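Architecture at a glance
Chain by chain, the residues:
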Amino acid sequence: MKYNLTHLKELESEAIYVIREVVAQFENPALLFSGGKDSILCYHLAKKAFWPGKIPFPLVHVDTGHNFPETIQFRDALIAKDGVELIVGSVQQSIDEGKSVEETGYNASRNGLQTVTLLDTIEKYKFDACMGGARRDEEKARAKERFFSHRDEFGQWDPKNQRPELWNIFNGMKNMGENFRIFPISNWTEMDVWQYILHEEIDLPTLYFSHERDTFMRDGVIYADGEFMRRRPEEKIEKRIVRFRTIGDMSCTGAVESPADNLEKIIEEVAATRTTERGTRADDKRSEAAMEDRKKQGYF
């Protein structure tokens, strides 16, 4: 299958420009890295931006402790292959130190607990800018974001007090203690991401491709069974052929039944789907403004 890739070159150039602007304007930036396709894409773009040198900032992973094993394996293999610096913030450590409280019940998740760990990691390492792979088409709260998203000294986001970005002129001015979240691929869509990954032959965790695994159904969402998952008595394990459109904490990330076992099939599936990629994320369904509320508190 052939695609018109002209617009992807424009998106690539824009993202690389944003990444270079971050390094030019900030003293101690970092790239937030979850092991998901969007953060992998940002890492790939960062390598392009500074090739043949190494990227001049570390990767930061906020580890919930309830990640998919495939994600951690992919992350560690990537770090070992490329020799880049990795900083891991541990949600479990935040719980052990009494800074976060573990949720209880069948719908308990550690996804929301990442906020405290992220803010502590930013404070510990004095990062003044954290880049990541959020995109405006993912969710309505993220559609409000600028490329350079200002955060106050408490790490909080005020969607009504963001700076204009006319002609891609970015303002990184900040006061002591303030920082920025930067979104180089804001203007990309899910389809753009997949077409670019295919064109650039970027490696991804196997979770994104169709595979058989033990699953159970809850509230119309398919979840992978695992050691961190608590099932109700009526929730029975079934083997299904599934893949994941987005990768997060196991407790809140749903799968979709799919035969798409390669990039071409995934692109065809994304083109035909009527649901967003975060439609299987239980954390986004806790309230109408769940994502925006988390972001105001300091969530990425």
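Summary of the structure given here. Everything quoted here is computed from the prediction, not taken from an experiment.

**A few points about helix α2 (residues 37-50)**
End to end, α2 covers 20 Å across 14 residues, agreeing with the expected 20 Å (1.5 Å per residue, within 8%). α2 sits mainly inside the fold: twelve of its 14 residues count as buried. Looking at α2, one finds that the buried residues are K37, D38, S39, I40, L41, C42, Y43, H44, L45, A46, A49 and F50.

**Section: the packing of helix α1 (residues 6-25) against helix α6 (residues 190-200)**
Running from N to C, α1 and α6 point in directions that differ by 95 degrees, and their axes come no closer than 10 Å. Relative to α6, the element α1 lies roughly perpendicular. Across the interface between the two elements, H7, L8, L11 and E12 from α1 touch D192, Q195, Y196 and E200 from α6.

**Concerning the pattern of salt bridges**
In total, this model carries 22 salt bridges according to the counting rule given. A salt bridge links E200 to K48, with the shortest nitrogen-to-oxygen separation between them at 3.0 Å. Of this pair, E200 sits in helix α6 while K48 sits in helix α2, and the two are 152 residues apart along the sequence. We classify K48 as partly exposed; its relative accessible area is 30%. The network of salt bridges with shared partners includes K9, E12, K48 and E200.

The rules behind the values
Residues numbered from 1 in each chain as written. Predicted model: local features only at pLDDT ≥ 70, side-chain atom pairs only at ≥ 80, totals over all residues. Heavy atoms only, no water. Helix = DSSP H or I, 4+ residues; strand = E, 2+ residues; numbered from the N terminus. Expected span 1.5 Å × (residues − 1). Buried < 20%, exposed > 50% of the residue type's maximum accessible area, 1.4 Å probe, protein only. Axes fitted to C-alpha atoms, helices over the stretch in contact; angles between N-to-C directions. Parallel < 35°, antiparallel > 145°, perpendicular 65-115°, else oblique. Contact = heavy atoms within 4.5 Å. Salt bridge = Lys/Arg side-chain N within 4 Å of Asp/Glu carboxyl O.

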